[in-house]
Amino acid sequence: MASVNARCARRTLSCCAVALAQAGAATSVHASGAPAGGEVATPPELRAVRGDGAAVRVDGLADEAPWRDATVVTGLTSYLPVEGAEASGQLVARLFYDDKALYISARITMPPGRMRGRLAPRERWNNDDLFEVMIDPFLDRRTGYAFTLSPYGVQLDWTIVDDTWSDAWDGVWDSATVRYADGFSVEMRIPFRTLRFARSPVQDWGIGFGLYSGARKQYDKWPAMSADRGAVFAQLGTLRGLQAVEPSRNLDLIPTAVMGYGGSAGALGEFAWDDVVLARAREPGLFDPGLDVRYGVTPSTNLNLAVNPDFSQIEADVDQLEYNLRFPVALQEKRAFFLEGVSLFETPVPLLYTRSVVDPLVGLKLSGREACWTFGLLSAWDQRPAASQLAEARERSGFEDVTGKDAILSIGRATFALSERSRIGGFIADKALRDRGTGAFEGRNDVASVDAAVTLSEIYHLVAQAAGSYTQGVDPAPNQAGWFTSVLARRRDQHLFLELRSQLLSDGFRAESSALSRVGVAQSSAEVSYRHAGASLPVPYLEPALELLAIHDLGELALLDYEVRPSLSTRLGLSAEVMLYYQRGQETFGRRFAGIDQVGLSLEAHPWNSLSVVIEAQAGDQLNYQPMDLFLGTSASIAAATVVNPTDNMELEVRYTRSVLWRPGGQRAAEVDLYYGKAIVSFSTRWAARLISQLDTFDDTLRNSALLSYQLSPGTEAYLGYQDTSVLASEVHVIDRRIFFKGSWRWQP
C-alpha cells in the first residue's frame, strides 16, 4: 500500500481550523458512491446504526443478525491511475457500532482469476489486493486512520495528516477474511479505544472505503473522488449520529527484553567471543531490559516514554552504493518510536532527520492535537550520535567528529489552523554535544523556524518557510549564525502538476538535527507534468514531464550547478509502469564541468500474482568526487529487484546492483556489485521465518542473518535471530557474529 499512497502524498496541504458542528441525521441508510453528473457537490451521508456487537463472531462471513440491519454502502469509482475509469471490482459494505467498537464487513466481487494475495506477516505487502476503511473521527477533513486487509487477512494500518500516510502506527483491531473464486469477504472490529476522538454525546465521523487491485494497479474509492477536489480525506463521506461512545485515555506498558551474545575479530584478525557480562548501563550485556510507556493524556494527545529502548532494526537496511558520493546517503527510518506520529514534526523543508539519533538511553515524545492546534515535543539522550550530514561547508561546526560524545536532542513543533485551508507553524531544535567521559561542553546547535501554508480552490498551494540558526563551537570551530528561506507554489489536479520552488541558505546556517547537506547557495527549481488519459491512446495514460534545477553561489550569484530533465511516463498493459528520462546539466566541484549528459530508465511490473520486477538503469557522464583524482568520466549502473512467490506463503526476493565508472580515456576506474537475497516463509499471519544475505564487492563484505518471528499483536512480539559479517579475502573471514532474542509484551490495564 505504501507505493499506492505515495502517489497521494503530493496532494493538498489544506488544514481545517474549526471543529465542524456535529448535528443532524442522515438522509439514507443505503448509499452509493456513484457521482451525479460526474461531480459530488457535498460528501454523501450515512446514518450510524447501533447493533449488538456481542452477537458477532469475527470470522469473515458476516452472517449474524446485526449485519442485516447495518448501514449499507455500494459502488466504487476509479481514482488512480485514471479517474473515472471502470472500477476493478464491486463492493457491498456494511457497518454498525456498539458501546465498544465499530464493526465493518464487506464483500468484494471481481472476475475470476483477478484476485491477488499471499500469506505474510502483518504489514508486509507486495502488490496484493487490499480492502481499505478510512476513518476521520474529528471530521476535520485532514486527519484520521486507515485500516486495510488483504484477501489472506494481512493487516496494515495507517495514520493520516494532511493526506500524508504513515504506516508506523500499529493499532490493535480484530479482522478475518474469506476467499472465493470471484473475490473475497472481510470482517473487522475496530475498538474505540484504538482511536482518538472528541468527547461528545453525539459523534459525526468521516468515512470512506477503498479497493486496490494488484492485477490492474488501480485504486478505487467510495465516495467518488478527484484530485480536482483536493485531498482524499477532504472528500470522505459523513457517518452521522454515533451516540454514547466514549474515547479512552489508553495506557500501554510494553516491557522489552533483549538477550544477545556474540564476538568479533581482534586487532590480529582472530575471531573471539565476548566476555560474558550479564548487564551494564552504557553498553548492551547478555540481558538488556527496556520499557516503553504510551499514555493517552487526552483523547487526542499521546505521551511516549522509552527507557533504554531497543532501537535495533529487525529489518536491516538494504545495502546501497556508497562509493563516489558527493553528499551522504539519507537512510529510511524504520524504528517505531520515531515513526509513530512523525508527521506532526514535519516542516516544508525537513529539519528533523531521526536517523541522526543512533542509540539513546532515554527518549520522550508528546504529540497530539487540541482544537485548532497540532503539536509535538521530542527529546532524546543519544550516546552514539551521527556526525553532521553537511558537506562542502566553508566553516566547521564541531559536529563533524562525534566520537566519544553524547548528544542531547530536543525538538518542538506546533501548527495552528487559521481556516479550513490555511495554517501557520513553528519549529525549534536544540542539539548539544558533551564529552562522554567528563561531561565537558563540546558544541551546541539551535534552530528556530516558522512556516505558513494556504490552499486556494483545492488545487493551488502556497507554502513559505524561514529559519535561523546559531551554532556554538569549540575551538577551532567558530560560533556561527545563519538563516534560510523557502517559497513553494504548486498547482495539482487530475491532469496537470506544476511546482515552483526557491530556497536561500546562508553560509552560516546549520541544522544538525536534519539531513541538510549544503549551505551557502540559492536553489531554484521548477517541475511540470501533464497526464493524458483517454480511449484514443494505445496505453492507459501518457505523462510527459520537465524538471529544471539551478544552484547559484549565494554570495557571488555565480551559477554552480544546473539540470534540465525531460521525462516520459506511461503504463504498458495493466501492470507495468515505465519512465524514460534525459538529463543535461553542469556541476561545480573543485572546478566547473559543463555539458554533463545522462539517460535513464525505470520499470516496475507485476505481471502475475507470483512475480514482481523493478529495474532502474542509467548511463552517461559522471564526476569522480575525489579531490586528489578529480575527473569527468563515464558511468553506467543498473539496479534490478525481483520478488517471486513460489507458493502462497513463501517469498523470494533477489536484488542486484552494478555500477561502473570509466576515465576519459576509457580506462576502468571503479567497479562495484551489490547482491541481496531474502527468503521469507509465513506459517501464518503470526509466525514467519526469514533469511537474508548481502554481498558488497566495494568493501568485500558478506552479511548474513536468520530470524524467526512471532507477532501476536502490535507490541506483543518475539524474535529469535542470528547475524554475522565476514570479509572476503583469500578465504571467508568472520569479523562479527551475534545471536539474540527479543521479546515484548503489550499490557493495557
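Here is a short report on the structure shown in this document. All chains use their own residue numbering, which begins from 1 and follows the written sequence. Selection of residues for local features in this predicted model requires a pLDDT of at least 70, selection of side-chain atom pairs for listing and counting requires 80 or more, and totals for whole chains, interfaces and linings are taken over all residues. Computation of side-chain values: all heavy atoms of the structure, hydrogens and water removed.

### Here's the deal with the overall build of the protein
- Looking only at helices and strands, the protein features two helices and 40 strands.
- Taken over C-alpha atoms, the radius of gyration is set against a globule rule of 2.2 Å times the number of residues to the power 0.38. Computed over its C-alpha atoms, the radius of gyration of the protein comes to 27 Å, within 12% of the 27 Å expected for a compact globule of 749 residues.
- Remark: exposure states derive from per-residue accessible area (1.4 Å probe, protein chains only) relative to the maximum for the residue type, with buried under 20%, exposed over 50%, and partly exposed in between. Here the protein, with 749 residues, has 51% of them falling under the buried criterion.
- For every accessible area listed, the method is Shrake-Rupley and the probe measures 1.4 Å; residues are considered covered only by the protein chains on display. Roughly 31,900 Å² of accessible area belongs to the protein as shown, and the carbon and sulfur atoms make up 59% of that amount.
- The charge count includes Lys and Arg as positive and Asp and Glu as negative, but it does not include His or the ends of the chains. In this description, the location of a charge corresponds to atom NZ of lysine, CZ of arginine, CG of aspartate or CD of glutamate. Side chains of the protein carry 72 positive and 90 negative charges; the gap between the two charge centres is 3 Å. Strands are runs of DSSP state E lasting at least two residues, helices are runs of H or I lasting at least four, and both sets are numbered from the N terminus onward.

### Here's the deal with the pattern of salt bridges
- Whenever Lys or Arg places a side-chain nitrogen within 4 Å of a carboxyl oxygen from Asp or Glu, that contact is recorded as a salt bridge. Across all of its chains, the model carries 43 salt bridges by this definition.
- For Asp-174, the salt bridge identified is with Arg-189, shortest N-O distance 3.8 Å. Taken together, the residues span a long stretch of sequence, with Asp-174 in strand 11 (residues 174–180) and Arg-189 in strand 12 (residues 183–191) at a distance of 15 residues.
- Connected through salt bridges with shared partners, the residues Arg-118, Arg-124, Asp-128 and Glu-651 form a single ionic network.

### Some words on the side chain of Asp-359
- Its place among the elements puts Asp-359 in the loop between helix 2 (336–339) and strand 20 (360–370).
- Pairs of N or O atoms within 3.5 Å make up the polar contacts considered here, provided that, within protein, one atom can donate a hydrogen while the other can accept it, and that residues adjacent in sequence are counted only when both atoms are side-chain atoms. In this structure the side chain of Asp-359 is engaged in a polar contact, spanning 3.0 Å, whose partner is the side chain of Gln-383.
- Of the polar contacts made by the side chain of Asp-359, one reaches the side chain of Arg-384; its length is 2.4 Å.
- The contact criterion used is simple: two residues touch if any of their non-hydrogen atoms lie within 4.5 Å. Setting aside chain neighbours within four positions, we find Asp-359 in contact with Trp-381, Asp-382, Gln-383 and Arg-384.

### Some points on unusual backbone geometry
- With an omega dihedral of 5°, the bond running from Leu-80 to Pro-81 counts as a cis peptide bond.
- Within the fold, Pro-81 resides in the loop between strand 4 (77–80) and strand 5 (90–97).
- Backbone torsion omega between Trp-222 and Pro-223 reads -5°, so that peptide bond is classified as cis.
- Looking at where Pro-223 falls in the secondary structure, it is placed in the loop between strand 14 (218–222) and strand 15 (237–243).
- Of note, the phi angle at Asp-700 is positive, near 50°, even though the residue is not glycine.
- By secondary structure assignment, the location of Asp-700 is in the loop between strand 37 (687–696) and strand 38 (701–713).
- Taking relative accessible area as the criterion, Asp-700 reaches 35% and is therefore assigned partly exposed.

### Examining the nonpolar core
- To define a nonpolar core, start from buried Ala, Val, Leu, Ile, Met, Phe, Trp, Tyr and Cys residues and group those joined through side-chain atoms within 4.5 Å. Ranked by internal contacts, the top residues of the largest apolar core, which has 37 residues, are Ile-104, Phe-131, Phe-147 and Phe-209.
- Of all elements in the fold, only strand 5, strand 6 (101–109), strand 7 (130–136), strand 8 (143–149), strand 12, strand 13 (202–213) and strand 15 reach the threshold of two or more residues within this core.
- In this structure, Phe-147 is in contact with Phe-131, Glu-132, Val-133, Ile-135, Leu-156, Asp-157, Trp-169, Trp-173, Met-188, Ile-190 and Leu-195, ignoring residues within four places of it in sequence.
- Among the nonpolar cores identified, the runner-up in size contains 23 residues, and Leu-351, Val-447, Ala-467 and Ile-551 belong to it.

### Some thoughts on the side chain of Thr-238
- With respect to the element layout, Thr-238 can be found in strand 15.
- Polar side-chain contacts of Thr-238 include one of 2.8 Å to the side chain of Arg-141.
- Leaving out residues up to four positions away in the same chain, Thr-238 has contacts with Pro-43, Pro-44, Glu-45, Leu-46, Leu-139, Arg-141, Asp-204, Trp-205 and Ile-207.

### Considering the packing of aromatic side chains
- Side-chain rings of Phe, Tyr and Trp, where Trp is taken by its six-membered ring, are said to pair if the distance between their centres is within 6.5 Å; with planes under 30 degrees apart they count as stacked, over 60 as edge-to-face, and otherwise as tilted. Tallying each qualifying case throughout the model produces 21 aromatic pairs.
- Centre to centre, the rings of Trp-165 and Phe-233 are 6.1 Å apart; their planes meet at 90°, and the pair counts as edge-to-face. One end of the pair, Trp-165, is in strand 10 (residues 164–166); the other, Phe-233, is in the loop between strand 14 and strand 15, and 68 residues separate them in sequence.
- Exposure remark for Trp-165: the relative accessible area of 12% places this residue in the buried category.
- Each ring, one from Phe-589 and one from Tyr-625, has its centre 5.2 Å from the other, and the planes form 80°; the classification is edge-to-face.

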